[in-house]
Amino acid sequence: MPFMPSPEDKQRYRRRVAPVLAIVVGCHYLTAYAFEHYHLSRPVAILVALLSPLSQLLLFTLIWQFLSQDRDEVQIAYRRDAIARATAGTLAVSVLWTGLKEYDLVPDLPLGMAFPIFTVFLLIAGLAIRRRYR
Amino acid sequence: MKNRLRVLRAERGWSQADLAERLEVSRQSVNAIETGKYDPSLPLAFRIARLFDARIEEIFIDEA
């Protein structure tokens, strides 16, 4: 008896996530490029700024949907733990960076760096959690 | 929380992979539960109990 998610589910997940991931990365860099190279009016700036978080929201919705379909609760717990730690790490970096920026000790953090930082933290957290529970 | 999962599994001659297949979870999950690194939810604990035809408290030992 196969346990959820089946290979088909995983394939479906990858098929859904891969294009959304490309959209997320594209939106990040499009937003960063627009802010760097154009002087946007306030309403347009708000719309452009929304592109990136909305695409991330879509990605997280897909990941959440996949986790809710998975019957292997231990694996779900690992993934949720990793996502929580990665979010905490990203928040910590952004708060620290903002604090240092106040005193001009660091340069501006490019907008497009948020997602790569989260991804790095997610990879590190995933490896650490797997090591601990192995 | 301690448990008798490894003993019960060994009595039946099942590998972790066999038990994982019966419980519809991954082998890593069986290992995490056996070694006490993860305490299963009530639905999974009931599935385990049904599989071994035992009561939950006969498999999972409350150390409190």
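Data block above holds the structure.
First, a word on scope: everything that follows refers to the structure included in this document. (Residues numbered from 1 in each chain as written. Chains lettered and ligands numbered in written order. Predicted model: local features only at pLDDT ≥ 70, side-chain atom pairs only at ≥ 80, totals over all residues. Heavy atoms only, no water.)

With 13 residues of chain A at the interface, the matching set in chain B holds 16 residues. Summing both partners gives a buried area of about 1,300 Å² for chain A against chain B, and 46% of it is carried by carbon and sulfur. Along the contact surface separating chain A from chain B lie zero salt bridges. Between the two partners, chain A and chain B, sit six residue pairs in polar contact (both at pLDDT 80 or more). The dominant element in the side of chain A that touches chain B, judged by the number of residues it contributes, is helix H3 (residues 73-102) of chain A, at five residues. Residue classes in the side of chain A that touches chain B are distributed as seven nonpolar, one polar and five charged. (Contact = heavy atoms within 4.5 Å. Buried area = accessible area lost by both parts, 1.4 Å probe. Salt bridge = Lys/Arg side-chain N within 4 Å of Asp/Glu carboxyl O. Polar contact = N/O pair within 3.5 Å; in protein donor to acceptor, adjacent residues only side chain to side chain. Helix = DSSP H or I, 4+ residues; strand = E, 2+ residues; numbered from the N terminus. Nonpolar A, V, L, I, M, F, W, Y, C, P; charged D, E, K, R; others polar.)

Taken together, the buried positions of helix H4 (residues 42-51) of chain B are occupied by Leu44, Ala45, Arg47, Ile48 and Ala49 of chain B. Tucked inside the fold, the buried residues of H4 of chain B contact H3 of chain A together with helix H1 (5-11), helix H2 (16-23), helix H3 (27-34), helix H5 (56-59) and strand S2 (60-61) of chain B. With its phi angle positive at about 50°, Asp53 of chain B sits one or two positions after the end of H4 of chain B. (Buried < 20%, exposed > 50% of the residue type's maximum accessible area, 1.4 Å probe, protein only.)

This brings us to the nonpolar core. Soluble globular proteins tend to bury their nonpolar side chains together. With 24 residues, the main nonpolar core has Leu5, Leu19, Ile33, Ile48, Phe52, Ile59 and Phe60 of chain B as its most contacted residues. Taken together, the elements giving at least two residues each to this core come down to H3 and helix H4 (114-133) of chain A together with H1, H2, H3, H4 and H5 of chain B. A total of four residues in this core trace back to one element, the largest contributor, which is H4 of chain B. Excluding residues that lie within four positions of it along the chain, Phe60 of chain B makes contacts with Met1, Lys2, Asn3, Ile33, Pro40, Ala45 and Ile48 of chain B. Counting residues in each nonpolar core, the second largest holds nine residues, with Val20, Val24, Leu67 and Ile83 of chain A among its members. (Core = buried A, V, L, I, M, F, W, Y, C linked by side-chain atoms within 4.5 Å.)

Turning to the packing of helix H2 (residues 42-69) of chain A against H3 of chain A, a few remarks are in order. Residue and element names in this part refer to chain A. At their nearest, the axes of H2 and H3 sit 10 Å apart, and the two run at 155° to each other. Between H2 and H3, the angle falls in the class roughly antiparallel. Two packed elements cross with a definite hand, and for H2 against H3 that hand is left-handed. Across the interface between the two elements, Phe60, Ile63, Trp64, Phe66 and Leu67 from H2 touch Ile76, Arg79, Arg80 and Ile83 from H3. Looking at the contact of H2 with H3 residue by residue, the class counts come to seven nonpolar, no polar and two charged. (Axes fitted to C-alpha atoms, helices over the stretch in contact; angles between N-to-C directions. Parallel < 35°, antiparallel > 145°, perpendicular 65-115°, else oblique. Left-handed = near helix turned anticlockwise from the far one by under 90°.)

Residues and elements named next belong to chain A. If you trace the backbone, Ser55 turns up in helix H2. According to the relative accessible area criterion, Ser55 is buried, its value standing at 6%. Not counting the four nearest positions on each side in its chain, Ser55 is found in contact with Val20, Ile23, Val24 and Cys27.

So, about unusual backbone geometry. The phi dihedral of Asp104 of chain A falls on the positive side, at around 55°, and the residue is not glycine. Taking the relative accessible area as the measure of exposure, Asp104 of chain A reaches 63% and is therefore exposed. Even without a glycine there, the phi angle at Glu24 of chain B is positive, about 60°.

Taken together, Ile46, Leu47, Leu50, Leu54 and Leu57 of chain A make up a surface patch of nonpolar side chains, about 510 Å² in accessible area. Residue position: Leu57 of chain A is located in helix H2. (Patch = residues over 30% accessible without salt bridge, like charges linked within 9 Å, V, L, I, M, F, W, Y side chains within 5 Å. Areas by Shrake-Rupley, 256 points an atom, 1.4 Å probe, with all protein chains shown as cover.)

By themselves, these figures tell us nothing about what the structure is for.
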